[in-house]
Amino acid sequence: MSTALRQRPAEARDNGRGGGAAARRAVIRWAWRLFRREWRQQLLVLALLSVAVAATVLGAAVGSNAPSSPMATFGNANHLVVLPGSDRTLAADLAAIRQRFGTIGVIEHQRLSTGSVNPVDLRAQDPKGPFGSPMLRLDAGRYPARPGEVAVTSQVASLYNLHVGDLWNAGGHALRVVGLVENPGNLLDSFALVAPGQISAPTQVTVLFNASEARITSFAFPGGVSAETPPPPPAGFSPAIVVLALSTFGLIFIGLVAVAGFTVMAQRRLRALGMLSSLGATDRDVRLVLLANGAVVGVVATLAGAAAGFLAWVAYAPRLQTSTGHRIDRLNLPWWAIGTAMGLAVVTAVAAARRPARSAARMPVVAALSGRPATPKAAHRSAVPGAVLLVAGLGLLWFSGGWGGSSNADQLKTLGGIAATALGSLLLAPLCVAALGAIGGHAPVGARVALRDLARYRARSGAALAAVTFAVLTAVLICVLATARFANPVDYFGPNLPANQLVVYAPGGTPGVNGGPGSAQTPAQLRSLRAHVDAIAAALGTHDVLELDSPIKPATTGTAQFGQLTDGQIQSGGQLYVATPALLAHYGINPNQIDASADLLTSRAGLASTARLYLYGDSGPEISVSPGGPPPSGSGSPGGPGPGGPTSFSCAPGSCVANPAIQTLSRLPTDTSDPNLLITAHGMDRLKSFGLQAAPSAWIIQTARPLTAVQINAARQAAVAGGATVETKSQNPSLAELRDWAAAAGILLALGVLAMTVGLIRSETAGDLRTLTATGANSRTRRTLTSATAGALGLLGGLLGT
């Protein structure tokens, strides 16, 4: 009989002294060589950590720079007042404000009609004046300094085809263009700048100054105007904190994928680690090998991710400027958040290597030299805490109100809900993987082997399933969040017009400008306007002209409005047009298709089921609020949240129509400036008490081909001659485009993570594949192994993530 010692005593393996600094240096050098030799096998962990750090850098940069600054309107001042320019006592009013508050900045404005829906503001301002200098930036040439000189923004230059040195006839005055300027805080601000004192009859005057609230309240501003202050910063956490929190949750998932990666590496190097132990290395030395390797992976991935994120930010910043409409400093980054994320990435890699390191160090030397993996732990141990965390996380998300929550408590609930849901899903992943082995008993040989491998090696397959789940969750969130903001049927979003359409609006206003559409007041004016419209259509080579009527009050040219009551305020639902027989026939709608009780016709999906909708006149609705109980009898207005609601709303008689009956017609156009919201004859009858009647307000001209810039400019000049304005296609994307791009990004992310995790798992079974090949398995069986692994992880990850 013979005996053998399978394991050295613990005190002999790790006596607290180890081999000293020299041994640790040798072990660390060996870990570095291990990383250089096998970095391709750790490519998944490197890629995921790099992507997480890069996404954090880019997300924090975008989140911190996307909000606009009040300096676009207030400059360096903390108050402003807007005085009417026609007031004869303007000079005395300015003197009184200066005497009260000291230094003031004065900006004079005169509105110039351009013939398009976007007017031009002729602005007299000193570029070096007090408070207003942050509102101006010179892009080319110089600022105007003398009479007859002007500097224009890029929008004005494009509209009138102007360059530095050209002569511009504006408002009956010839002005020499000496420069190109912009408002860096609002790139959409379309204006022309002249020297101070060069506007003889301003329409309004903006006064900037600094003052305390006590001095403001004790001063009576002329004309009853009130002082404005910059808006307060948004409630809740800063975007950098939110991005950092989301990055932390992402690193949790990546950390578990890294656990799988380091487990695979430890298994691959198990014999080498056993040999190291047999030569006298302590448990601490064995752990140090994998921990040092994890630190190297974390540092390399962090540096690569930070560099990639910064380069992506530098490349994306100009596009973000266009999207947000203000200038962005590329170095204005939340460095503290970026540094924290980089540190967390390194900690994640080290922590992920800790568990495989402990397992490898505790493995008997003989077992390590034989290369046998450790026995997997029971999956049910993590099922109970996983289920508890999952239920708790979903409950927090339910009561948090989402990212729209106005308080820090709401956002803390959201962050806590995401963290608990993520951890719960991760803890349940091994149980789901363990079930694969049970259901694979009757599958073909290749699929059966793949499923049992997943169940046997739960340390890596459970983490891989968690990564796929997280990727699918991210894909779903991208698809949902990318379109949720723009899918509101009241706050309607999308392209305004097709490229081959042009809308001519009657004098007096355009939708969203000056309170609504204008209207020709007399038959002679209407005939003249129609003649101009026909001339524009003829110049465009078409006779396809559709006249649109709006419900207008003749005395005031006020119009009927439509909107939704939200947080005590009415949110406008867009322009109303009358469902005339000509309009219905143009879109192929039979009058018999219209419900006799319908007040509105629309093509907007979901609008008919939206609550708290109102039709009201130009003076605004008078909505009475009564706490508790059902709505007053006969009011037809909706209650508050929940059955009956804590608050009820009703219309004052003759003020508004609550909950108008809406019929959805898919034949109507869906573009925002096309007639997609029509009021029926029944609805017009209900508005008679408001003194409204149908009157022509706009004309749609449709051509056979997309309009060119030359045609648009000619139409605009023709509209100016008739006192009208025109609107053409903008650059707004459609909801379908947003959904398609969001879905494509999410699907690519999910498929990429799935491919990397499957590659990680199958790389560990390379020896098994060689054994199968030696026993006669053909290429089809080997492909079945990979496809079954990918299919099982993809199916489970898709179900859990969705």
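Above this text is the structure in question.
Residues numbered from 1 in each chain as written. Predicted model: local features only at pLDDT ≥ 70, side-chain atom pairs only at ≥ 80, totals over all residues. Heavy atoms only, no water.

Student: Could you give an account of the pattern of salt bridges, naming the residues involved and the relevant values?
Tutor: Using the criterion set out here, one finds nine salt bridges in the structure. Residue aspartate 139 pairs with arginine 137 through a salt bridge whose shortest N-O separation is 3.7 Å. By relative accessible area, aspartate 139 is classed as partly exposed at 39%. Three or more residues joined by partner-sharing salt bridges are found here, namely Arg137, Asp139, Glu182 and Arg327. (Salt bridge = Lys/Arg side-chain N within 4 Å of Asp/Glu carboxyl O. Buried < 20%, exposed > 50% of the residue type's maximum accessible area, 1.4 Å probe, protein only.)

Student: So what about the nonpolar core? Which residues, and what values?
Tutor: Within the largest apolar cluster, 35 residues are counted, with the highest numbers of intra-cluster contacts made by Leu49, Ile254, Phe262, Val297, Leu465 and Leu793. Counting residues in each nonpolar core, the second largest holds 20 residues, with Leu497, Leu548, Ala579 and Ala598 among its members. (Core = buried A, V, L, I, M, F, W, Y, C linked by side-chain atoms within 4.5 Å.)

Student: So what's going on with the environment of valine 194? Residues and values would help.
Tutor: By the secondary structure assignment, valine 194 is in strand β8 (residues 191-194). Considered as a pair, valine 194 and glutamine 125 are 69 residues apart in the sequence and their alpha carbons are 6.8 Å apart. In contact with valine 194, other than residues within four places in its own chain, are Leu122, Arg123, Ala124, Gln125, Pro144, Glu149, Val150, Leu175 and Ile199. (Helix = DSSP H or I, 4+ residues; strand = E, 2+ residues; numbered from the N terminus. Contact = heavy atoms within 4.5 Å.)

Student: Run through helix α23 (residues 779-801), naming residues and quoting values.
Tutor: Over its 23 residues, α23 runs 32 Å from end to end, which matches the ideal 33 Å to within 8%, given 1.5 Å per residue. All buried positions along α23 are accounted for by Leu785, Ala788, Thr789, Ala792, Leu793, Leu796, Gly797, Gly798 and Gly801. (Expected span 1.5 Å × (residues − 1).)

Student: Any chance you could break down unusual backbone geometry for me, citing the residues and the numbers?
Tutor: Across residues other than glycine, the phi torsion is negative in most instances, and most of the peptide bonds are trans. A positive phi angle is found at asparagine 161, which is not glycine, with a value near 55 degrees. One can find asparagine 161 in the loop between α6 (154-160) and β6 (167-170). Its identity as a non-glycine residue notwithstanding, arginine 612 has a phi of 60 degrees, on the positive side. In this fold, arginine 612 is placed in the loop between β16 (600-602) and β17 (613-616). Exposure remark for arginine 612: the relative accessible area of 18% places this residue in the buried category.

Student: Outline the packing of aromatic side chains, supporting the account with residue identities and numerical values.
Tutor: In this structure the tally under the stated criterion is six aromatic pairs. With a centroid separation of 5.9 Å and an interplanar angle of 15 degrees, the aromatic rings of phenylalanine 101 and phenylalanine 221 are classed as stacked. Of this pair, phenylalanine 101 sits in helix α5 (residues 90-101) while phenylalanine 221 sits in the loop between α7 (213-217) and α8 (239-268), and the two are 120 residues apart along the sequence. Taken as a pair, phenylalanine 101 and phenylalanine 221 share a single burial class, namely buried. (Phe/Tyr/Trp six-rings, centres within 6.5 Å; stacked < 30°, edge-to-face > 60°.)

Student: So what about the sheet that holds strand β14 (residues 569-572)? Which residues, and what values?
Tutor: Across the sheet, which stays open at both edges, the four strands sit in the order β14-β13-β17-β20 with antiparallel pairing between neighbours. Every interior strand has two partners, whereas the edge strands, β14 and β20 (656-658), have only one. Neighbour-to-neighbour, the strand axes of this sheet turn through a mean angle of 35 degrees, independent of strand direction. With four bridges joining them, strand β13 (residues 561-566) and β17 adopt antiparallel strand pairing. Bridge pairing in β17 places phenylalanine 562 opposite leucine 615. (Pairing = 2+ DSSP bridges. Axes fitted to C-alpha atoms, helices over the stretch in contact; angles between N-to-C directions.)

Student: Before we move on, can you summarise the sheet that holds strand β15 (residues 577-578) with the specific residues and values?
Tutor: On the basis of which strands lie adjacent, the open sheet formed by four strands has the order β15-β22-β16-β21 and mixed pairing. The outermost strands of the open sheet, each flanked by one partner alone, are β15 and β21 (662-664). As defined by bridge partners, β16 adjoins strand β22 (residues 677-679) across three bridges and the pair is classed as antiparallel. Bridge pairing in β22 places threonine 602 opposite leucine 677.

Student: How would you explain the pairing of β6 if you had to name every residue and give the values?
Tutor: Residues Trp168 and Ala170 line the buried face of β6, whereas the alternating positions Leu167 and Asn169 sit on a face that is not buried. Summarising the sheet, β6 and strand β7 (residues 173-182) pair through four bridges and their orientation is antiparallel. The partner of leucine 167 across the bridge, within β7, is arginine 176.

Student: Before we move on, could you go through the environment of leucine 167 and cite the residues and values that matter?
Tutor: Take leucine 167: it is sitting in strand β6. By relative accessible area, which is 52% here, leucine 167 ends up exposed. On a C-alpha basis, the gap between leucine 167 and valine 177 in space is 6.2 Å, while along the polypeptide they are 10 residues apart. In this view, leucine 167 contacts Leu162, Ala174, Leu175 and Arg176; residues no more than four positions away in its chain are not counted.

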